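Spelled out, the chains give:
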Amino acid sequence: MDGYGTKGWRLLLREAGYFLRNALGSIFSLEFVTVFIPLLLLWEFLPRLGVVPKALVPPLSTVAAAFWELLTERHLLTHIGHSMGKFLLGLGIAVATAIPIGILMGWNMAIRKRALPLFQLLAPVPPPAWVPITIILFGVGLPMQTFLIFIGAFYPILFNTYQAIKDTEPRYLASARVFGASELTLILHVYIWHAIGAIIMSVKTGVAMGLVMLVIAEMYGGRTGIGYLLVEAKDFFQIPVMVVCMAVLGVIGWFLIEVLKFAELKLSVWKIGR
Amino acid sequence: MIEARGITKFFSIVNDDRTADGLTAVLSVSIGIGAGKIVSILGPSGCGKSTFLEILAGLQAPTEGKVLIDGVTVLEPLPSTRREMEEYRRKYQFLSPLANGMFRDRPKHDIAMIFQDYAVFPWMTVLQNVTFALKLRGVARAERASRAMPFLKNVGLGDSLSKYPSQLSGGMRQRLALARALAVEPRIILMDEPFAAVDTITRERLQDDLLRLWNATGITIVLVTHDTDEAVYLSDEVIVFSPPPGSVRNVFPVASPRPRRRSDPEHADLKGRIEALFKYDIDHESEYSI
Ligand SMILES: Nc1ncnc2c1ncn2[C@@H]1O[C@H](COP(=O)(O)OP(=O)(O)O)[C@@H](O)[C@H]1O
Ligand SMILES: [Mg+2]
């Protein structure tokens, strides 16, 4: 029992190590550092030397100070936590609905004919256009924010999943059918695996759209989250705080995309041919 | 016993200039393949051999005619009148006529098929490809690997169990497809050019393995090939397809007793006749196709 527990932890640590190496590898590569450090230096010194107006473009050190202040005095981590919580909830609901519906529509013509036109009519509505009606329906709390994130992430995941499932190589289906595969087995062992790369790709697009909607949702309602901090900073003209918020959003997006890339790497080992 | 009665397959196609067109891939083929026989289908490429084999397997519905396996119709032909069409649409609205059912894995006929492009699953390892096929045939989980192993060893893949198909050569993939088809121990095995991508030595070994298995089990084998040597060496009967649209050009029984020798002079004579027929057809085909 104990031995198994340690083994599990060790495995988890090893995977986390791989993940970090993969994720951070591109940022801490020698090639990128030689570009990144000069950029940071320019950011620091151009405003200081008065090349660009300091009041509008705060130097790096000012932004860093603002970051520290937000972190220690204004509960930045709590705000990040709230934003992530809403985001993951909205994205989770989108993934949990869009992928199954996409699979069903890709698998079966009868379902596709009944469901697809509805989504095709609704999808072109730009997600931000949902804001007013959502506020009226749900108020400005968590349900409204979650719903907006869900709306942003849902369609890209749905359509890409559907398309990938529909494009499954008929040879593989035929081959499994001759051996006796039921439709459920085909879905679980053929369609999904054939489409896995495209499905993960669709979730990445969903993450990008969901983040857009997260910021919009928090700007319109609620008292917490990065989007809220951003609007508040605008009202008090705190440019360094805005920059910190933008950077935090950037890092969150980057991190989520890296997680998905890692999942893709793990799930599609079979694609790495030699 | 496999019986094909007047099988015709017509495809609606779109030409390069976007006009609609039709293509007759198989034209009125009627053959009977006795249980426990090895029958080869030989013909120039594009003459509908693969299409015909898929019709035998129940993967494509014929436009006309039907296939019976031990008296059971494999797939009903496609509807031709408007009323039949409506009925067909309603009947298969939710589940394709090819489906084996919604939840339960069970083949309609005890057939295994080897596709021309192997169709092994790239997301499964060598071993998983075979155990998956066994799972579909209802073999208990605990037995699958031990059932799969001898067949994989036999085709020389015993050391590549955890490799993915993308890590295998074309010939190894083909051997995997062969092992997978044999492992389910079907009563009928349909093979679409199964030895085309392997080297001569391996090909001869695999052919002999197949014959040994056939001897031991008495399965029915339908083999599509364009290799006359192979057809004559393996078969009880060689069915020669004409150039497109594919129809039966000639049927040559191979009478020589088994076990056979590859260098049997009787075979040389038969091969000569088949090849002469081929050459004649191909020379004359180019006349009308220009
Ligand atoms: N699904 C399809 N749609 C349209 N044409 C097809 C289809 N499948 C096969 N064909 C055509 O039918 C003919 C016979 O094909 P095939 O059975 O693969 O020949 P073979 O296996 O003898 O080389 C070819 O001309 C091919 O282009
Ligand atoms: Mg072919």
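Not measured: the values here are computed from a predicted model.

Along chain A, the regular secondary structure elements total 11 helices and 0 strands. Summarising its shape, the C-alpha atoms of chain A cover approximately 75 × 50 × 45 Å along the three principal directions. Within chain A, the fraction of its 274 residues that count as buried is 41%. Approximately 14700 Å² of chain A is accessible, and the part contributed by carbon and sulfur atoms is 74%.

This part covers the environment of arginine 89 of chain B. Topologically, arginine 89 of chain B is positioned in helix H2 (residues 82–91). Remark: the alpha-carbon pair of arginine 89 of chain B and threonine 200 of chain B, spanning 111 residues in sequence, is separated by 48 Å.

Here the focus is the side chain of threonine 131 of chain B. Residue and element names in this part refer to chain B. Mapped onto the elements of the fold, threonine 131 is located in helix H3 (residues 126–136). Exposure remark for threonine 131: the relative accessible area of 15% places this residue in the buried category. If we ignore the near neighbours within four places in the chain, the residues touching threonine 131 are Arg144, Ala145 and Ala148.

The interface of chain A with chain B comprises 27 residues on the first partner and 38 residues on the second. Buried area between chain A and chain B, both sides added, is near 2900 Å², and the carbon and sulfur share of it is 63%. Our count for the contact surface shared by chain A and chain B stands at 2 salt bridges. When the shortest N-O distance is used, the salt bridge between arginine 171 of chain A and glutamate 54 of chain B registers 2.8 Å.

Turning our eyes to something else, we now look at the packing of H3 of chain B against helix H4 (residues 141–154) of chain B. All names here are of chain B. Orientation of H3 relative to H4, taken along the N-to-C sense of each, is 120 degrees, at an axis distance of 9 Å. Classified by the angle between their axes, H3 and H4 sit oblique to one another. For the pair H3 and H4, the crossing hand works out as right-handed. Contact residues: Val126, Leu127, Val130, Thr131, Leu134 and Lys135 in H3; Arg144, Ala145, Arg147, Ala148, Met149 and Leu152 in H4. Here the contact of H3 with H4 is composed, by residue class, of 8 nonpolar, 1 polar and 3 charged.

Of all the positions in helix H10 (residues 226–235) of chain A, only Ile226, Gly227, Tyr228, Leu229, Leu230 and Ala233 of chain A are classed as buried. Of the surrounding secondary structure, the elements contacted by the buried residues of H10 of chain A are helix H3 (60–73), helix H4 (76–107), helix H9 (183–220) and helix H11 (239–267) of chain A.

All names here are of chain B. Contacts to ligand 1 come from Phe11, Ile13, Leu23, Ala25, Ser45, Gly46, Cys47, Gly48, Lys49, Ser50 and Thr51. Between glycine 46 and ligand 1, the recorded distance is 2.7 Å, taken from a backbone N or O atom to an oxygen atom. The contact in question runs from an oxygen atom of ligand 1 to an N or O atom on the backbone of glycine 48, over 3.1 Å. Relative to its unbound accessible area of 560 Å², ligand 1 is 62% covered by the protein chains.

Within the protein, Ser50 of chain B (OG) and Gln116 of chain B (OE1) serve as the donor atoms for the magnesium ion (ligand 2), at 2.1 to 2.3 Å. Within this pair, whereas serine 50 of chain B is found in helix H1 (residues 49–57), its partner glutamine 116 of chain B is found in the loop between strand S6 (111–114) and H3, the two being separated by 66 residues in sequence.

Our focus in this paragraph is the domain arrangement of chain A. Residues and elements named next belong to chain A. Each assigned domain of chain A is listed with its residue range as follows: domain 1 (1–57) and domain 2 (59–271). Using only C-alpha atoms to locate each centre, domain 1 and domain 2 end up separated by 23 Å. The interface is formed by 16 residues belonging to domain 1 together with 14 residues belonging to domain 2. Carbon and sulfur atoms supply 70% of the area buried between domain 1 and domain 2, which totals about 1200 Å² over both sides. Together, Phe19, Trp43 and Glu44 form the three largest contributors to the area buried by domain 1 at its contact with domain 2, with a combined 41%. Our count for the domain 1 to domain 2 interface comes out at 1 salt bridge. Residues glutamate 15 and lysine 266 are paired through a salt bridge, measuring 3.0 Å at the closest nitrogen-oxygen approach. Listing elements by their share of the side of domain 1 that touches domain 2, those giving two or more residues are helix H1 (2–25) and helix H2 (30–48). For the side of domain 1 that touches domain 2, a count of residues per class yields 11 nonpolar, 1 polar and 4 charged.

Residues Phe32, Val35, Phe36, Ile37, Leu39, Leu41, Leu42, Phe45, Leu46, Leu49 and Val51 of chain A make up a contiguous nonpolar surface patch of roughly 1000 Å² in combined accessible area. Mapped onto the fold, valine 51 of chain A is located in the loop between H2 and H3.

Time to look at the sheet that holds strand S3 (residues 38–42) of chain B. Residues and elements named next belong to chain B. The strand order across the open sheet formed by 6 strands is S6-S7-S8-S3-S9-S10, and the pairing between neighbours is mixed. The open sheet has two edge strands, S6 and strand S10 (248–253), and neither has a second partner. Here the average twist between neighbouring strands, direction ignored, is 15 degrees. Bridging between S3 and strand S8 (residues 220–225) involves 5 bridges; their strand directions are parallel. The partner of serine 40 across the bridge, within S8, is leucine 223.

The next subject is the packing of aromatic side chains. Summed over all chains, the structure comprises 17 aromatic pairs over all chains. Consider the rings of phenylalanine 138 of chain A and phenylalanine 147 of chain A, whose centres lie 5.4 Å apart with planes at 45 degrees: the pair is tilted. Look at tryptophan 270 of chain A and tryptophan 123 of chain B: their rings are 5.9 Å apart centre to centre, the planes differ by 70 degrees, and that puts the pair in the edge-to-face class. Taken together, the positions of tryptophan 270 of chain A in the segment after H11 and tryptophan 123 of chain B in the loop between S6 and H3 put the pair across two chains. Taking relative accessible area as the criterion, tryptophan 270 of chain A reaches 7% and is therefore assigned buried. A relative accessible area of 6% places tryptophan 123 of chain B in the buried class. A network of ring pairs unites the aromatic residues Phe119, Trp130, Phe138, Phe147, Phe150, Phe154, Tyr155 and Phe159 of chain A as a single cluster.

Attention shifts here to the pattern of salt bridges. Overall, the coordinates contain 20 salt bridges over all chains when judged by the stated rule. The salt bridge partner of arginine 48 of chain A is glutamate 44 of chain A, with a shortest N-O separation of 2.5 Å. Here glutamate 44 of chain A and arginine 48 of chain A lie together in helix H2, a separation of 4 residues that amounts to about one turn. Exposure remark for arginine 48 of chain A: the relative accessible area of 43% places this residue in the partly exposed category. With a shortest N-O distance of 3.5 Å, aspartate 208 of chain B and arginine 262 of chain B are connected by a salt bridge. Residue aspartate 208 of chain B is located in helix H6 (residues 200–217), and its partner arginine 262 of chain B is located in the loop between S10 and helix H8 (265–289); the two are separated by 54 residues in the primary sequence.

About the criteria used
Within each chain, residue numbers correspond to sequence positions counted from 1 in written order. Lettering for chains starts from A, numbering for ligands starts from 1, and both go in the order in which the items are written. Given that this is a predicted model, residues contribute local features only at a pLDDT of at least 70 and side-chain atom pairs are listed and counted only at 80 or more, while totals for whole chains, interfaces and linings are drawn from all residues. Side-chain numbers here rest on the full set of heavy atoms in the structure, without hydrogens or water. The numbering of helices and of strands both runs from the N terminus, where a helix is a DSSP run of H or I of at least 4 residues and a strand a run of E of at least 2. Categorising residues by exposure relies on relative accessible area from a 1.4 Å probe, with only protein chains included: less than 20% of the type maximum marks a residue as buried, more than 50% marks it as exposed, and the intermediate range marks it as partly exposed. Accessibility throughout is a Shrake-Rupley quantity obtained with a 1.4 Å probe, and a residue counts as covered only by protein chains that appear here. Any two residues whose heavy atoms approach within 4.5 Å at even a single point are treated as in contact. Buried surface area refers to the total accessible area, computed with a probe of radius 1.4 Å, that the two partners give up upon joining, counted for both partners together. The term salt bridge refers to a side-chain nitrogen of Lys or Arg lying within 4 Å of a carboxyl oxygen of Asp or Glu. Geometry is summarised by axes, namely lines fitted to C-alpha atoms with helices restricted to the contacting stretch, and by angles between N-to-C directions that run from 0 to 180 degrees. In what follows, roughly perpendicular refers to angles from 65 to 115 degrees, roughly parallel to angles under 35, roughly antiparallel to angles over 145, and oblique to any angle outside these ranges. Throughout, a crossing is termed right-handed when the near helix is turned clockwise from the far one, and left-handed when it is turned anticlockwise from it by less than a right angle. The nonpolar class holds Ala, Val, Leu, Ile, Met, Phe, Trp, Tyr, Cys and Pro. Asp, Glu, Lys and Arg form the charged class, and all remaining residues, Gly among them, are polar. By convention in these notes, a residue is near a molecule or strand provided one of its non-hydrogen atoms lies within 4 Å of it. Pairs of N or O atoms are called polar contacts if they sit within 3.5 Å, as long as, within protein, a hydrogen donor faces a hydrogen acceptor (for residues adjacent in sequence, only side-chain-to-side-chain pairs). Coordination shells were defined by N, O and S atoms within 2.8 Å of each metal, extended to 3.2 Å for Na, K and Ca; water is absent from the atom set, which can make sites look incomplete. For each domain, the first and last residues come from an automatic or database assignment. Patches were defined on residues exceeding 30% relative accessible area and lacking a salt bridge, with like-charge contacts within 9 Å and nonpolar side-chain contacts (Val, Leu, Ile, Met, Phe, Trp, Tyr) within 5 Å. Note: two strands are recorded as paired if DSSP finds a minimum of 2 bridges between them. Aromatic rings from Phe, Tyr and Trp, with only the six-membered ring used for Trp, were paired whenever their centres fell within 6.5 Å, and each pair was classed as stacked if the ring planes differed by under 30 degrees, edge-to-face if by over 60, and tilted otherwise.

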